[in-house]
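# Structural overview
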Amino acid sequence: MAFEQTASVLGAAVNYRLAPTAKRYTLRDNGFTETKSGNFQLIRPLEATPQSKEGFKLKITVDKDIQKIKMSVTTANGLKAVNIFKDSANDLLQEKFYFLMDGFIDRGLFEKV
């Protein structure tokens, strides 16, 4: 998956882009870690209990120039993208995803497109 100006997870109705106020320190303050290649990555579990090692993970990567992003919801091992919006049994996961993204919007990291 390549970096894009706007991104969303598989099946989601809302697209996101980086806000003009997003900076390196803002990313770090919100849990993003710098990778060896200089990009910033956040991996956050979407399960009801954070201690559980099973379930789905939200992965967001911001390029090192803080211009483009990519995001996905993956399986627990992080290898396969998953559509949490196709099954109503995942309502809690959908709600948690939108809650996390709204928090990032409030902190000036992302904007809805």
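My aim in this report is to walk through the structure given alongside it, one point at a time. If you're wondering where the values come from, they're calculated on a predicted model, not measured in any experiment.

### Considerations on unusual backbone geometry
Even without a glycine there, the phi angle at I66 is positive, about 55 degrees. You can see I66 is positioned in the loop between strand 5 (57-62) and strand 6 (69-74).

### Quick word on the pairing of strand 4 (residues 40-45)
Each regular strand carries side chains that alternate between the two faces of the sheet. Examined bridge by bridge, strand 3 (residues 33-34) and strand 4 share 2 bridges and lie antiparallel to one another. Bridging across to strand 4, T33 finds its partner in Q41. Taken together, strand 3 and the strand that follows it, strand 4, pair antiparallel across an intervening segment of 5 residues, in which G38 is found at a positive phi of about 95 degrees. Where strand 4 lies against strand 5, 6 bridges are found, and the strand directions are antiparallel. What sits directly across from I43, in strand 5, is K59.

### Some points on the pairing of strand 6
In terms of residue burial, strand 6 counts as a mostly covered element, since 5 of its 6 residues are buried. Direction of pairing for strand 5 relative to strand 6: antiparallel, over a ladder of 6 bridges. Considered in strand 6, the bridge of T61 is made with K70. The antiparallel pairing of strand 5 with strand 6 creates a hairpin that spans 6 residues between the two strands, and I66 there sits at a positive phi of about 55 degrees.

What counts, and at which threshold
- Residues numbered from 1 in each chain as written.
- Predicted model: local features only at pLDDT ≥ 70, side-chain atom pairs only at ≥ 80, totals over all residues.
- Heavy atoms only, no water.
- Helix = DSSP H or I, 4+ residues; strand = E, 2+ residues; numbered from the N terminus.
- Pairing = 2+ DSSP bridges.
- Buried < 20%, exposed > 50% of the residue type's maximum accessible area, 1.4 Å probe, protein only.

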